[in-house]
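Okay, here's what each chain looks like letter by letter:
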Amino acid sequence: MRVLCVAEKPSIARSISQILSGGRVETRPTQNRFIKNFDFNYPQTNSTFTVTAVAGHLLAHDFPDAYKQWSSCDPFILFDAPIHVTVPAANKTIERNLMTEARTANTLMIWTDCDREGENIGWEIISVCRKARPNIVVKRARFSAIIPQQIHRAAQHPVELDEAQANAVEARITLDLRIGAAFTRMQTLTLQNRLPQFREKRDVVSYGPCQFPTLGFVVSRYNQVKSFTPEDFWYISLSLERELDREMKKVDFTWRRGHLFEEDVVIEIYEDGMESPRARVVKVTKKNVKKWKPLPLTTVELQKAGSRLLKLAPKKVLDIAEKLYQQGFLSYPRTETDQYDPQFDFMSLIGKQAVDPAWGRFAQGLQEGGFNAPRQGRNNDKAHPPIHPTAHAGNLAGDDKKVYEFITRRFLAGCSKDAEGFETTVDIEYGREQFCATGLIVLQRNYLDVYPYDKWSGKEIPDFRETEEFEPTTCEIKQGQTTSPSLLTEADLVGLMDKNGIGTDATIAQHIQTVIDREYVIERMDGATKHLLPSTLGIGLVEGYNEIGFDRSLSKPQLRREASTTERSMVQVCQGEKSKDQMLMESIEQYREMYVIAKREFEKVISVC
DNA sequence: GCAAGGTC
């Protein structure tokens with residue numbers, strides 16, 4: 001029996017070959033420089049195995065030539081135009097390898113990632129292999145981590161490919177293509193016809209089901225900032241100077257009411273309090289507190305942190321992580337998982353960092369008993385572990401070094417202990433009003449020693465006894481003003497997109513880049529922080545669509561959520577409740593209606609310009 | 001000249 005195994009990417013093919021062969025494996029090159037074929041015997045199932053890989057999707061979807069010319073047809077018919085599925089030129093060598101290998105195999109075993117996209121890529125692999133060997137037996141290996149026990153079990157107990165999931169992805173692909181092409185052409189051509197400056201520039205005014213909600217977040221925050229009017233507020237500020245370690249220390253007490261927006265009410269309360277000029281300590285609470293170490297690192301968190309702490313654009317961070325992964329320094333950088341597998345080998349990875357001049361000592365400390373199992377997050381994509389360093393890299397420079405250092409420190413911090421501190425809260429009463437002050441002493445820095453990105457500073461306060469009374473050093477009414485929210489940062493935007501299911505870990509950064517490239521969004525430096533500001537064109541597009549569609553507007557995240565990732569409609573396809581075609585027809589119809597209205601409004605607005 | 005998803 002000869003079994004052909006196909007993984008989603010070369011790195012997985014290599015890993016599973018190593019595991020299944022026990023190291024006795026022969027490597028054959030293919031015509032594709034990235035992809036190797038691995039041959040070995042697998043006596044557990046009396047088979048000869050060949051393990052190879054694709055590089056993500058194998059097939060491309062596009063309109064036939066007759067529809068490719070923008071002037072060749074009304075964009076509206078793209079909702080119904082045929083879609084050709086081809087192997088693009090770049091993937092021909094991969095296709096050839098699969099067909100050659102399939103010709104002499106009895107069984108095809110799909111080893112793509114166990115997510116929805118993986119089921120679809122599996123289906124693409126099957127369609128190519130069947131061209132060479134129509135009656136090949138097809139199986140699917142199901143695994144949730146690249147660890148020996150799981151990989152052997154997957155090889156020995158294969159299941160069937162989940163066709164409903166593969167269909168759901170297929171539906172999303174054609175839906176996105178039709179909507180993207182139709183709306184993009186309509187927007188661009190309408191603008192070019194009416195406004196000469198667009199004719200000259202030949203800029204594309206693209207529409208995409210991920211681009212527009214992304215832009216929508218930027219515009220929405222911009223509007224909040226623009227419509228903000230500051231409000232005055234008043235509060236009572238109370239302080240006491242008291243000795244601590246032979247020095248006088250000022251303790252600021254916070255008013256329990258926070259602040260109020262009516263000055264006369266605050267004055268009234270203040271004057272009531274003045275009747276008794278002494279404050280009384282109601283309660284002194286002392287407790288041990290912890291500052292939690294960071295969670296295992298996902299792609300989205302890496303991008304947020306990279307933008308916030310390292311000042312690198314999310315796209316840049318991901319590109320660097322990808323390069324370091326290729327060089328063998330990092331684990332796979334596209335992962336949603338923030339839990340480590342229980343059998344994960346932390347110690348040997350920590351050991352590799354012990355030689356580093358900056359954090360080697362800390363790593364040694366972990367080896368010598370300081371190790372604590374990392375926290376468990378709530379996400380597991382069942383395909384990749386959290387991002388971690390796989391080898392020590394001593395010769396990096398510039399941004400590469402910054403990214404590697406962050407990932408390594410984050411990993412070591414996660415293997416350490418939470419920081420420990422001691423918190424004292426003093427509640428007092430002054431008149432009828434309550435105030436409180438808090439002090440903190442950091443007892444054990446633990447993970448903070450290797451993770452300078454987190455700050456936790458102690459603020460000591462003098463001793464207070466319950467029921468004691470004192471006369472405040474100052475007690476006065478102070479005035480303040482509410483401040484406007486700030487424009488979105490890239491980190492904010494990554495977070496919003498992630499929360500709303502716009503794009504995936506691997507594409508969120510790309511969508512942000514796209515709305516910037518299209519000049520819908522402008523990056524603006526405010527001091528050291530980069531903020532995102534919508535352009536006039538960006539605002540115009542979003543407001544225009546909001547006026548047409550209101551709650552189901554194209555720029556709002558709901559439509560995308562329903563139409564692709566956590567989407568209701570796709571889930572129905574997945575569960576077999578609806579056929580792919582039925583679901584597609586319903587979705588297309590919805591967009592067709594919006595297209596007609598959008599086009600009319602577009603022409604109306606532009607004729608006014 | 002168009003989308004979003006996977007990967008190198």
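The following paragraphs examine the structure supplied in this document. Small disclaimer: the values here were computed from a predicted structure and weren't measured.

What follows is about the overall build of chain A. Broken down by element type, chain A carries 20 helices and 17 strands. Counting only C-alpha atoms and orienting by the principal axes, one finds that chain A spans roughly 95 × 75 × 45 Å. Every one of the 609 residues in chain A was classed for burial, and the buried ones make up 50%. On chain A, the mean spot of the 80 positive side-chain charges and the mean spot of the 83 negative ones are 7 Å from each other.

Moving on, we come to the sheet that holds strand β9 (residues 232–244). Spatially, the seven strands line up as an open sheet ordered β14-β11-β12-β13-β10-β9-β15, and their pairing is antiparallel. Looking at which strands have only one partner, the edges of the open sheet turn out to be β14 (469–470) and β15 (474–481). Sheet analysis places strand β11 (residues 279–291) next to strand β12 (residues 419–430), joined by 12 bridges and oriented antiparallel. The residue bridging K286 from the neighbouring strand is T424, located in β12. Seen against the sheet, helix α9 (residues 263–273) touches β9, β10 (247–255), β12, β13 (433–444) and β15 and runs at an angle of roughly 35° to β9.

Moving on, we come to the protein's contact with DNA strand B. In the region of DNA strand B, 41 residues are neighbours, and F34, Q211, Y332, T504 and H511 sit closest. Here DNA strand B approaches the protein such that, of its atoms within 4 Å, sugar and phosphate make up 68%. One of the backbone nitrogen or oxygen atoms of G56 is found 3.4 Å away from a sugar or linking oxygen of DNA strand B. Secondary-structure elements contributing two or more residues to the surface near DNA strand B are β5 (60–62), α6 (163–194) and α11 (314–326). For the surface near DNA strand B, a count of residues per class yields 14 nonpolar, 15 polar and 12 charged.

Below, the discussion takes up the pairing of β10. Pairing geometry for β9 and β10, over seven bridges, is antiparallel. Bridge assignment links L244 to a residue of β10, and that residue is E247. Linkage of β9 to β10, two consecutive antiparallel strands, is achieved through a turn of two residues, within which D245 is found at a positive phi near 50°. Looking at chain direction, β10 and β13 are connected through two bridges and run antiparallel. Counterpart to T254 in the pairing with β13 is C436.

This paragraph deals with the pattern of salt bridges. Under the criterion given, the structure shown has 32 salt bridges. Where D113 meets K9, a salt bridge forms, and the shortest distance between an N and an O atom there is 2.8 Å. Linking D113 in the loop between β7 (107–111) and α4 (116–132) with K9 in the loop between β1 (2–7) and α1 (10–21), this pair joins segments that are 104 residues apart in sequence. Between E603 and K599 there is a salt bridge whose closest N-O contact spans 4.0 Å. On the criterion of helical spacing, the pair formed by E603 and K599 is a turn pair, its members being four residues apart in helix α20 (residues 580–608). The class for K599 is partly exposed, based on a relative accessible area of 30%. Connected through shared salt-bridge partners, R2, R28, D39 and E101 make up one network.

With that settled, consider the packing of aromatic side chains. Under the definition given, this model contains 31 aromatic pairs. When the centroid spacing of 5.5 Å and the interplanar angle of 85° are considered together, the rings of F183 and Y595 count as edge-to-face. Of this pair, F183 sits in helix α6 while Y595 sits in helix α20, and the two are 412 residues apart along the sequence. The exposure class assigned to F183 is buried, which follows from its relative accessible area of 0%.

Moving on to α1. With 12 residues, α1 ought to run about 16 Å at 1.5 Å a step, and its terminal C-alpha atoms sit 16 Å apart, in line with that. All of the buried residues in α1 are I12, A13, I16, S17, I19, L20 and S21. In this structure, the buried side of α1 is in contact with β1, β3 (36–42), β4 (47–53), β7 and α5 (148–156). G22 sits one or two residues past α1 and shows a positive phi near 65°.

Looking at where K291 falls in the secondary structure, it is placed in strand β11. For K291, a relative accessible area of 23% puts it in the partly exposed group. In sequence terms K291 and I125 are 166 residues apart; their C-alpha atoms lie 48 Å from each other. Setting aside chain neighbours within four positions, we find K291 in contact with D418, A419, Y447, D454, K455 and W456.

As a further point, take the environment of R524. In this fold, R524 is placed in strand β16 (residues 521–526). The spacing of R524 and K293 is 231 residues in sequence and 33 Å in space, taken between C-alpha atoms. Filtering out sequence-adjacent residues up to four positions away, R524 remains in contact with L487, T529, K530, H531 and L533. Of note is the side chain of R524, whose polar atom sits 3.1 Å from the side chain of D526.

The rules behind each value
- Residues numbered from 1 in each chain as written.
- Chains lettered and ligands numbered in written order.
- Predicted model: local features only at pLDDT ≥ 70, side-chain atom pairs only at ≥ 80, totals over all residues.
- Heavy atoms only, no water.
- Helix = DSSP H or I, 4+ residues; strand = E, 2+ residues; numbered from the N terminus.
- Buried < 20%, exposed > 50% of the residue type's maximum accessible area, 1.4 Å probe, protein only.
- Lys, Arg positive; Asp, Glu negative; His and termini not counted.
- Charge placed at Lys NZ, Arg CZ, Asp CG, Glu CD.
- Pairing = 2+ DSSP bridges.
- Contact = heavy atoms within 4.5 Å.
- Axes fitted to C-alpha atoms, helices over the stretch in contact; angles between N-to-C directions.
- Near = heavy atom within 4 Å.
- Polar contact = N/O pair within 3.5 Å; in protein donor to acceptor, adjacent residues only side chain to side chain.
- Nonpolar A, V, L, I, M, F, W, Y, C, P; charged D, E, K, R; others polar.
- Salt bridge = Lys/Arg side-chain N within 4 Å of Asp/Glu carboxyl O.
- Phe/Tyr/Trp six-rings, centres within 6.5 Å; stacked < 30°, edge-to-face > 60°.
- Expected span 1.5 Å × (residues − 1).

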